[in-house]
Amino acid sequence: MGKNRAMGPSRLAPVTDVAMKSLLGIITMLLVIEGCSQFPHIIIASDPLTADEHLKLGAAYESKKEWDIALEEYSRALKKDPHCLAYFYIGNVWYEKGELSKARENYFKAINLHPNNGDIYNNLAWVYLQENNIEKSLQAIRKALTLNPDNPIYKDTLMRIEQKISPFP
């Protein structure tokens, strides 16, 4: 009488090369199908936008008070064109966030690049005014008015500084 053998690996049918290749083909196909059901990964090799377009995007985010996204767009503009007005806009965002020292720092960077832009001096005057540094505020707004003496916004800023000096007419 023969021995009873336990059912184990020796009792399985051997896997042929054809069966193995078919199984691998099916697994590969399933993996490909599974991979196709995912959202595609879009890779942008380079930024297609210009510095000006990033400035406009930053301004749009700034108008919605989305400060961090605006700062990102302005930083991207600087990468595209280090001489653009991005430092001015970055200064504006920091001013709105109440970070006056960061605003001032960026206005100085903007002035170094654009020394004949009165808007930068006007906004710098507002930083100094918020810091109660009246003398520097006056210096900044006077520079803005030297560059554009008829600008009504600059005249208004000067009037506000003078009101802080002497609140009563």
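Values in this document were obtained by computation on a predicted structure and should not be read as measured data.

Colleague: So what's going on with the overall build of the chain? Which residues, and what values?
Modeller: Within the chain, the regular secondary structure consists of 8 helices and 0 strands. Tracing the chain from N to C terminus, the helices and strands come up as α-α-α-α-α-α-α-α. In the chain, of all internal contacts separated by at least 6 residues, the share reaching a separation of at least 24 is 43%. Just so you have it, the chain exposes about 12100 Å², and 59% of that area is on carbon and sulfur atoms.

Colleague: Just give me the short version of the side chain of N117, but keep the residues and values in it.
Modeller: Topologically, N117 is positioned in the loop between α5 (100-113) and α6 (118-130). Engagement of the side chain of N117 in a polar contact is seen with the backbone nitrogen of D119, the distance being 2.9 Å. Residues within four places of N117 in sequence aside, it is in contact with L85 and L147.

Colleague: Outline the nonpolar core, supporting the account with residue identities and numerical values.
Modeller: Counting 34 residues, the largest nonpolar core has Y74, A86, Y107 and I141 as the members making the most contacts within it. The leading source of residues in this core is α6, at 7 residues. With residues near it in sequence (within four places) discarded, I141 still touches Y121, N122, A125, Y154, T157, L158 and I161.

Colleague: Explain the packing of helix α7 (residues 134-147) against helix α8 (residues 152-165) to me, and be specific about the residues and the numbers.
Modeller: Closest axis-to-axis distance for the α7/α8 pair is 10 Å, and the angle between their directions is 160 degrees. By the angle class used here, α7 and α8 are roughly antiparallel. Judged by the sense of rotation from one axis to the other, the crossing of α7 with α8 is left-handed. Residue-level inspection shows I134, S137, L138, I141, A144 and L145 of α7 in contact with α8, the latter providing Y154, K155, T157, L158, I161, K164 and I165.

Here is what the cut-offs are and how they apply
- Residues numbered from 1 in each chain as written.
- Predicted model: local features only at pLDDT ≥ 70, side-chain atom pairs only at ≥ 80, totals over all residues.
- Heavy atoms only, no water.
- Helix = DSSP H or I, 4+ residues; strand = E, 2+ residues; numbered from the N terminus.
- Contact = heavy atoms within 4.5 Å.
- Areas by Shrake-Rupley, 256 points an atom, 1.4 Å probe, with all protein chains shown as cover.
- Polar contact = N/O pair within 3.5 Å; in protein donor to acceptor, adjacent residues only side chain to side chain.
- Core = buried A, V, L, I, M, F, W, Y, C linked by side-chain atoms within 4.5 Å.
- Buried < 20%, exposed > 50% of the residue type's maximum accessible area, 1.4 Å probe, protein only.
- Axes fitted to C-alpha atoms, helices over the stretch in contact; angles between N-to-C directions.
- Parallel < 35°, antiparallel > 145°, perpendicular 65-115°, else oblique.
- Left-handed = near helix turned anticlockwise from the far one by under 90°.

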